[in-house]
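Summary of structural features
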Amino acid sequence: MRVLGLETSCDDTGVAVYDSDQGLLAHRLYSQTALHADYGGIVPELASRDHIRKLLPLIKTVMAAAGTAGDELDGIAYTAGPGLAGALLVGAAVGRSLAWAWGVPAVGVHHMEGHLLSPMLEAGPPAFPFLALLVSGGHTLLADVRGIGDYTILGETVDDAVGEAFDKTAKLLGLGYPGGPAIARAAEQGAPGRFYFPRPMTGRPGLEFSFSGLKTAVATVAQAQELDPRTVADIACAFQEAAVDTLRIKCQRALEQTGHARLVAAGGVSANARLREQLTEMAAARRARVYFPRLQFSTDNGAMIAYAGAMRLKAGQHETAAFTVHPRWELQKLGVPGASR
Ligand code: KG4
Ligand code: ZN
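What this report covers is the structure whose coordinates are included nearby. Computed from a predicted model, the values in this text were never measured in an experiment. (Residues numbered from 1 in each chain as written. Chains lettered and ligands numbered in written order. Predicted model: local features only at pLDDT ≥ 70, side-chain atom pairs only at ≥ 80, totals over all residues. Heavy atoms only, no water.)

Remarks on the coordination of the zinc ion (ligand 2)
Protein coordination at the zinc ion (ligand 2) comes from His111 (NE2), His115 (NE2) and Asp300 (OD), with a distance range of 2.0 to 2.1 Å. For the zinc ion (ligand 2), the donor residues sit on a single chain with the sequence spacing H-x3-H-x184-D. Note that His111 is positioned in helix α4 (residues 111-117) and Asp300 in the loop between β10 (289-291) and α10 (303-314), a separation of 189 residues in sequence. By relative accessible area, which is 12% here, Asp300 ends up buried. (Donors = N, O, S within 2.8 Å, 3.2 Å for Na, K, Ca; no water. Helix = DSSP H or I, 4+ residues; strand = E, 2+ residues; numbered from the N terminus. Buried < 20%, exposed > 50% of the residue type's maximum accessible area, 1.4 Å probe, protein only.)

Encoded structure:
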């Protein structure tokens, strides 16, 4: 099964060809970071227009690199949601049109299912069932994963996503956009212990998250300080410790509750080196194993969409001629492919 994957849900244009026998044949990413940097965040209309400019040339490049012609594909997968409506529509329209022209099926993929399955592209992938921590710019959740489409959300954020907290804190500290990598870089220079921030919702039972209070705690401290480079680094360090520690505590609690021995951590924030270190240590101490995608597949990419699409096409799922996108879409309502809904 050979699938072309298209990711256009936000500010990255990602394209890949995945083959279920031969693995990943080619993948490319065009990042719009520079386009949005001046605005301090993503401008949806600029994002859609740039996807229109970049998607087709990128598809041509990736198809050539994979040595694949359109009619050799078994299907096309595109991100159908959640994400920015205009940006999603670009991928959906191009994906559906190419599928029609090449006479192959198309399938709309859930962006977070793409992230969830991204470690499957690595050597020694996790077997089902497992616990998944999904941490991105828009989502923070723990899920019990029993198979493709068989997901139970155990806990999610009641307010901000952790990636959003990284982005907002970076903005507050004058570190620019996107905030996650900027905070991580600054934190490396910071002295641990000069500041301390709360670990939200860890003091009571449950697997819910909350990150807006942490962001406010940082704002209060930052306002009372002269923001010289050393103070910025020290605050970034304390913020990262608080965010990572919170995720680690909740993962540990969820492993205990579910009895799972495998933990998958995926989504943009799973690129964070401190988080990878903390989760790896915590899992090892419990004789559990943690699985990450390679760094470049932690953040948005076409490879995870091609992979998730291949799994769903294999199970016989594909779209009718009409297409839609879902700017809001509940992961838990996906359903197991092939099973009656
Ligand atoms: O999965 P992703 O690329 O896009 C969404 O689906 O949202 O995640 C983007 C998020 C952003 O909030 C970004 O700041 C964060 O992931 N991020 C990081 C790191 N790299 C990206 N957060 C912490 N540390 C990083 N190294
Ligand atoms: Zn994402």
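On we go from here.
Describing the environment of Ala143
Position of Ala143 among the secondary structure elements: in strand β7 (residues 140-147). Spatially, the C-alpha atoms of Ala143 and Leu73 are 32 Å apart, while their sequence positions differ by 70 residues. Each residue touching Ala143, except ones within four places of it in the same chain, is listed here: Phe130, Leu131, Ala132, Thr152, Ile153 and Leu154. (Contact = heavy atoms within 4.5 Å.)

Here's the deal with the side chain of Thr202
Tracing the backbone shows Thr202 in the loop between α6 (179-189) and α7 (212-223). With a relative accessible area of 17%, Thr202 lands in the buried category. Within the structure, Thr202 has its side chain in polar contact with the backbone oxygen of Arg199 (distance 2.7 Å). Residue contacts for Thr202: discarding those within four places in its chain leaves Thr246, Ile249, Lys250 and Arg253. (Polar contact = N/O pair within 3.5 Å; in protein donor to acceptor, adjacent residues only side chain to side chain.)

Quick notes on the packing of helix α2 (residues 44-66) against helix α3 (residues 85-102)
Between α2 and α3, the least distance of the axes is 9 Å, while the angle of their chain directions is 35 degrees. Pair α2 / α3 crosses with right-handed handedness. Residues Ser48, His51, Ile52, Leu55, Leu56, Ile59 and Met63 of α2 form the contact with α3, whose own contacting residues are Gly86, Ala87, Val90, Gly91, Val94, Leu98 and Trp102. Classifying every residue of the contact of α2 with α3 gives ten nonpolar, four polar and no charged. (Axes fitted to C-alpha atoms, helices over the stretch in contact; angles between N-to-C directions. Left-handed = near helix turned anticlockwise from the far one by under 90°. Nonpolar A, V, L, I, M, F, W, Y, C, P; charged D, E, K, R; others polar.)

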